[in-house]
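Here are the chains, one letter per residue:
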Amino acid sequence: MSKTEQDYVDRFIEIIDEATTRHKKIANLKEKQYLTMGIALQIFDEYEGVLSYLNEDKQEYFLQWKDWIEKKQSQLYRNHPINYDS
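For the structure given in this document, a descriptive report is provided here. Keep in mind it's a predicted model, so treat the numbers as computed, not measured.

**Observations regarding the nonpolar core**
So, step 1. Met37, Leu41, Phe44, Leu51, Phe62, Trp65 and Ile69 form the largest nonpolar core, which has 7 residues in total.
So, step 2. Apart from the residues within four sequence positions on either side, leucine 41 is in contact with Phe62, Trp65, Lys66 and Ile69.

**Here's the deal with the packing of aromatic side chains**
So, step 1. Taken as a whole and judged by the stated rule, the model has 2 aromatic pairs.
So, step 2. With a centroid separation of 6.2 Å and 5° between ring planes, the pair formed by tyrosine 34 and tryptophan 68 is classed as stacked. Of the two residues, tyrosine 34 sits in helix 1 (residues 3-46) while tryptophan 68 sits in helix 2 (residues 56-76), which places them 34 residues apart along the sequence.
So, step 3. A relative accessible area of 40% places tryptophan 68 in the partly exposed class.

Conventions adopted
- Residues numbered from 1 in each chain as written.
- Predicted model: local features only at pLDDT ≥ 70, side-chain atom pairs only at ≥ 80, totals over all residues.
- Heavy atoms only, no water.
- Core = buried A, V, L, I, M, F, W, Y, C linked by side-chain atoms within 4.5 Å.
- Buried < 20%, exposed > 50% of the residue type's maximum accessible area, 1.4 Å probe, protein only.
- Contact = heavy atoms within 4.5 Å.
- Phe/Tyr/Trp six-rings, centres within 6.5 Å; stacked < 30°, edge-to-face > 60°.
- Helix = DSSP H or I, 4+ residues; strand = E, 2+ residues; numbered from the N terminus.

Function-wise, these values are silent; they only describe arrangement.
Here it is in structure tokens:
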């Protein structure tokens, strides 16, 4: 193997290692976000007034996330309450 080929192989391996490490970190962050937002949804379900204590950006983020998760669950679970009005 030439020096140039070896450099390509080494760099390729380095990039793939970095990508897989990032993928694991991203997956871990997503899992933590689901858990955290799941707790937020439980609190919101108990007392919707908590939403008024967030600034506008965070309210929008929460509501978009809530909408997304409800749509996702309604696709997975046809008996989910979001489907009752359909």
